[in-house]
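# Overview (structure and organization)
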Amino acid sequence: MIIIKSEREIALLKEAGRIVALCHEQMKKSVRPGISTLELSHICERIIRENNATPSFKGYGGFPEAICASVNEVVVHGIPSKKQILKEGDIVALDIGACYKGYHGDSAWSYAVGSISHKDQLLMQVTHDALFAGLSKVREGAHLGDVSAAIGEYIKPYGFGIVEQFTGHGVGHDLHEDPAIFNFGTPGTGPILKEGMVLAIEPMVNAGTKNVRILSDQWTTVTKDNSKSAHFEHTIVVRKDGYEILTTL
Ligand code: MG
Ligand code: MG
């Protein structure tokens, strides 16, 4: 069941989203060669707690840290570590969630560490633009499949792998609510969007194969061919004529 949020709930979700956006603003400055992914997680956790929220991912299903930090071939759910020091040419996807008064904000962004290759730049740009291609279809009365199809069709001409095992999702009291939002699909199919639905839309795109595997820590998900992967995500609310991004300042 897709829960419609009241304007009171949307205000709380917006505050959660603002806190996540504050973290990403700081990450733009903090991501650089020589910093560990654990340090990035600690910076985000401090910002989240200073704003009277809690990190949504810490303890979620046993996840040990505040954010997911997925470097290079890691697609999602990378565990921050003091041993993982970012180096020039890496790309890192930081997925950040904050819970404010029981409501979650969820947003992921891929960052370049120093200067990166043109190929990696393209991968990141296409994934970012695919998110916005999907968002452009969001409005009351549209089908969810219109959004999924727009994301998939945007990526297709580039020949990148669209991850199928992980999807976007509804967001609210729970970090993951209905519906699952695939990053490929068919227009005119799936649930009809209504004003007040809150959705996290999040294309995950691999430079090579779409296939992934999960490492023995049960979290870290990598591309099967070790190609790099990018991830962009916003939490948004469906409006009559479009959408409003909640994970923004
Ligand atoms: Mg996320
Ligand atoms: Mg998400």
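Residues numbered from 1 in each chain as written. Chains lettered and ligands numbered in written order. Predicted model: local features only at pLDDT ≥ 70, side-chain atom pairs only at ≥ 80, totals over all residues. Heavy atoms only, no water.

## Structural notes on helix 3 (residues 118-135)
The terminal C-alpha atoms of helix 3 lie 26 Å apart, and with 18 residues this matches the ideal 26 Å at 1.5 Å per residue to within 8%. All of the buried residues in helix 3 are Asp120, Leu123, Met124, Val126, Thr127, Ala130, Leu131, Ala133, Gly134 and Leu135. (Helix = DSSP H or I, 4+ residues; strand = E, 2+ residues; numbered from the N terminus. Expected span 1.5 Å × (residues − 1). Buried < 20%, exposed > 50% of the residue type's maximum accessible area, 1.4 Å probe, protein only.)

## Here's the deal with the sheet that holds strand 11 (residues 212-214)
Through backbone hydrogen bonds, the strands of a sheet pair up, either in parallel or in antiparallel fashion. In space, the three strands of this open sheet follow the order 3-12-11, with antiparallel pairing throughout. The sheet is open, and its two borders are formed by strand 3 (74-76) and strand 11, each paired with just one other strand. Neighbour to neighbour, the strand axes of the sheet diverge by 40 degrees on average, direction disregarded. In the sheet, strand 11 pairs with strand 12 (residues 221-223) via three bridges, with the strands oriented antiparallel. (Pairing = 2+ DSSP bridges. Axes fitted to C-alpha atoms, helices over the stretch in contact; angles between N-to-C directions.)

## Here we look at the coordination of the magnesium ion (ligand 2)
Looking at the metal site, the magnesium ion (ligand 2) is ligated by Asp106 (OD), His169 (NE2), Glu202 (OE) and Glu233 (OE), spaced 2.1 to 2.2 Å from it. Of note, the magnesium ion (ligand 2) draws all its donor residues from one chain, in the sequence arrangement D-x62-H-x32-E-x30-E. A spacing of 3.1 Å is found between the magnesium ion (ligand 2) and the magnesium ion (ligand 1), which share Asp106 as a donor. Of the two residues, Glu202 sits in the loop between strand 9 (198-201) and strand 10 (204-206) while Glu233 sits in the loop between strand 13 (229-231) and strand 14 (234-239), which places them 31 residues apart along the sequence. Assigned by exposure class, Glu202 and Glu233 land together as buried. (Donors = N, O, S within 2.8 Å, 3.2 Å for Na, K, Ca; no water.)

## Regarding the side chain of Thr223
Considering the arrangement of structural elements, one finds Thr223 in strand 12. Among the polar contacts made by the side chain of Thr223, one reaches the main-chain amide nitrogen of Asn226 at a distance of 3.2 Å. Excluding its chain neighbours within four sequence positions, the residues that come into contact with Thr223 are Glu73, Val75, Asn206, Asn211, Val212, Lys228 and Ser229. (Polar contact = N/O pair within 3.5 Å; in protein donor to acceptor, adjacent residues only side chain to side chain. Contact = heavy atoms within 4.5 Å.)

## Some words on the sheet that holds strand 10
The strand order 6-10-13 describes an open sheet built from three strands, whose pairing is antiparallel. What marks the edges here is a single partner per strand, and that holds for strand 6 (161-162) and strand 13. Pairing of strand 6 with strand 10 involves two bridges; the strand directions are antiparallel. Within strand 10, the position partnered with Ile162 by the bridge is Val205. Against the sheet, helix 3 touches strand 10 and strand 13, its axis set at about 30 degrees to strand 13.

## Brief notes about the coordination of the magnesium ion (ligand 1)
In an ideal octahedron of six donors the angles at the metal are 90 or 180 degrees, and in an ideal tetrahedron of four donors they are 109.5 degrees. Bound to the magnesium ion (ligand 1) are the protein donor atoms Asp95 (OD), Asp95 (OD), Asp106 (OD) and Glu233 (OE), situated 2.0 to 2.5 Å from the metal. Of note, the magnesium ion (ligand 1) draws all its donor residues from one chain, in the sequence arrangement D-x10-D-x126-E. Residue classification places Asp95 among the buried positions, given a relative accessible area of 10%.

## Here we look at the packing of aromatic side chains
Evaluation of the coordinates by the stated rule reveals five aromatic pairs. With a centroid separation of 6.2 Å and 35 degrees between ring planes, the pair formed by Tyr154 and Tyr158 is classed as tilted. A residue is classified by how much of its surface remains accessible, and Tyr158, at 37% relative accessible area, is partly exposed. Joined through ring pairs, the aromatic side chains of Tyr154, Tyr158 and Phe160 make up one cluster. (Phe/Tyr/Trp six-rings, centres within 6.5 Å; stacked < 30°, edge-to-face > 60°.)

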